[in-house]
Amino acid sequence: MLQEKLRSIEHHIYTCASCAFCTAICPISEQIGWESYGPRGRMHLLKLLIEKDVQPSDTVKERYYACTTCSRCEKVCQTDLPLVEIWEDVRSWLVEDKLGPLEPHKKIGASVEESHNTYREPASARNDWAKDINVELKRKGKIAFYVGCTSSYRMQQLAQDTMKILQALGEDVAVLGEDEWCCGSVLLRTGQRSQIKEIAAHNVEALKNTGAEIVVASCTGCFKTISGDYPVITGEELPFKMMHITQFLAQRIQEGKLKFKRAIHEKVTYHDPCHLGLHAGEYDAPRDILRAIPGVELIEMDFVREESRCCGAGGGMKAGMPDVAMGIGISRVDEAEETGAGILASCCPFCKTNLSQAIEASHKDLVQKDITALVVESMGLDI
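A few points on the structure. Keep in mind it's a predicted model, so treat the numbers as computed, not measured.

Scanning the protein for helices and strands turns up 20 helices and eight strands. For 383 residues, the compact-globule formula gives about 21 Å, and the C-alpha radius of gyration of the protein, at 21 Å, lands near that figure. In terms of overall dimensions, the protein has C-alpha extents of about 65 × 45 × 35 Å along its principal axes. Counting all 383 residues of the protein, 57% fall into the buried class. Surface accessibility of the protein: about 15,900 Å² in total, with carbon and sulfur atoms responsible for 47%. Positive and negative side-chain charges of the protein, numbering 44 and 55 respectively, have mean locations separated by a distance of 2 Å.

What follows is the structure in structure tokens.
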């Protein structure tokens, strides 16, 4: 099956010039070192597979799951190959052949199928994040807040901070509650596509029923999946405008609607999440917010924007190969420390998790904060 499927991308496989621009900037290559773990090696392996010099195996599977799908390889590809699409397609074909995914990914897929979230939590607890804040949760509104699995069940402060900000701005906000299903990002990245059409159709319809003109997500994975993948999956344009929370807040700052009350006298460096930056091309909004916060001094790392390094958590790496994910995270934290900043800011729950753990593991004095937490503090909403 895999080798037959590869015929559909045969032109891509033989277009690869083996120049190694991709391998030179790949975070996996940097951590593991073996040629077959890097993008050029994986492309060469596809040639061997299509020519049947190599047969599909667990070793082959490991090479294609050893990837964060950050897309740095794609950005430097001298022959303009859609490399992330290729990696995700190959993973899906490995799943069809029952070779993939990795065991931790299978558990996540089963959880989404059984409970519509990645943590096997009850749908009835989807709004529990709001219990400790004074907020009315509505099902209709001009803006819908798509909370996401991680913010709903594990990183509830992110959901609370997002809602506090939206409420302080006087926005008419709806949430889906039990009707919110996992966006499907992890399933897509790990090749588990069997549920994705149903998931996309359900979430689009549920969000449409809120009457919202704008849907806001504070998770970059949810944002990228809904804005970038859903239209391809459903074959239709979204019936609403999808925005990441940093895009929404930057717009409100520009309009003069978001005002800060407190100065935060800190040196801050910013990490670009791959799903927001490299995948969606949004680099300015988070930086515009940080520069607007009184007292903040933004200091850039060496590799930012289009050249930004991955945090290590994407593409199923955090669940499937945690040691490699941690190594990538530590490399990024080392780079952040070199700026002299005290705060490493980002705007993705997966970046927050891996970078926070990398800071702890490497005994750094840095503090990792989501941009929403800094906005809440400067708006005086943390009292």
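A few words on the packing of helix α16 (residues 284-292) against helix α20 (residues 371-379). Direction vectors running N to C along α16 and α20 enclose 30°, while the axes themselves pass 10 Å from each other. In terms of their interaxial angle, α16 and α20 are classed as roughly parallel. Crossing geometry of α16 relative to α20 is assigned as left-handed. In this structure, α16 uses Pro286, Ile289 and Leu290 to contact α20, whose residues at the interface are Ile371, Leu374 and Val375. In terms of residue class, the contact of α16 with α20 is built from six nonpolar, no polar and no charged.

Core analysis: the biggest nonpolar cluster contains 67 residues, and Trp129, Phe145, Phe248, Leu249 and Val375 have the highest contact counts within it. Excluding residues that lie within four positions of it along the chain, Phe145 makes contacts with Trp129, Ala159, Thr162, Met163, Leu166, Val173, Ala174, Val175, Glu180, Val216 and Ser218. If you look at the next biggest cluster of nonpolar residues, it comprises 34 residues, including Val60, Cys73, Cys77 and Ile328.

A separate point is helix α5 (residues 39-50). The end-to-end C-alpha separation of α5 is 17 Å, in line with the 16 Å expected for twelve residues at 1.5 Å each. The buried fraction of α5 amounts to nine of the twelve residues, a majority that puts the element mostly inside the structure. Within α5, burial applies to Pro39, Gly41, Arg42, Met43, Leu45, Leu46, Lys47, Leu49 and Ile50. A positive phi of about 65° marks Lys52, the residue just after α5.

The strand order across the open sheet built from four strands is β2-β1-β3-β4, with neighbouring strands paired in parallel fashion. Bordering the open sheet on either side are β2 (173-174) and β4 (241-244), each of which pairs with just one other strand. Where strand β1 (residues 143-146) meets strand β3 (residues 214-217), four bridges bridge the pair, whose relative direction is parallel. Its bridge partner being in β3, Ala144 is matched across the sheet by Val215.

Counting through the fold element by element, Thr150 comes out in helix α10 (residues 149-153). We classify Thr150 as buried; its relative accessible area is 8%. C-alpha of Thr150 to C-alpha of Asn117: the two residues are 33 residues apart in sequence and 8.8 Å apart in space. The contacts of Thr150, once residues within four sequence positions are left out, are Tyr119, Met155, Pro349 and Phe350. In terms of polar contacts, Thr150 uses its side chain to reach the side chain of Tyr119, at 2.7 Å.

A side chain with one charge can pair with a side chain of the opposite charge if their charged atoms come near. According to the stated counting rule, one finds 29 salt bridges in the structure shown. Here Arg63 makes a salt bridge to Glu62, at a shortest N to O gap of 3.1 Å. The buried category is assigned to Arg63, whose relative accessible area is 15%.

Reading guide: rules and limits
- Residues numbered from 1 in each chain as written.
- Predicted model: local features only at pLDDT ≥ 70, side-chain atom pairs only at ≥ 80, totals over all residues.
- Heavy atoms only, no water.
- Helix = DSSP H or I, 4+ residues; strand = E, 2+ residues; numbered from the N terminus.
- Rg over C-alpha atoms; globule rule 2.2 N^0.38 Å.
- Buried < 20%, exposed > 50% of the residue type's maximum accessible area, 1.4 Å probe, protein only.
- Areas by Shrake-Rupley, 256 points an atom, 1.4 Å probe, with all protein chains shown as cover.
- Lys, Arg positive; Asp, Glu negative; His and termini not counted.
- Charge placed at Lys NZ, Arg CZ, Asp CG, Glu CD.
- Axes fitted to C-alpha atoms, helices over the stretch in contact; angles between N-to-C directions.
- Parallel < 35°, antiparallel > 145°, perpendicular 65-115°, else oblique.
- Left-handed = near helix turned anticlockwise from the far one by under 90°.
- Contact = heavy atoms within 4.5 Å.
- Nonpolar A, V, L, I, M, F, W, Y, C, P; charged D, E, K, R; others polar.
- Core = buried A, V, L, I, M, F, W, Y, C linked by side-chain atoms within 4.5 Å.
- Expected span 1.5 Å × (residues − 1).
- Pairing = 2+ DSSP bridges.
- Polar contact = N/O pair within 3.5 Å; in protein donor to acceptor, adjacent residues only side chain to side chain.
- Salt bridge = Lys/Arg side-chain N within 4 Å of Asp/Glu carboxyl O.

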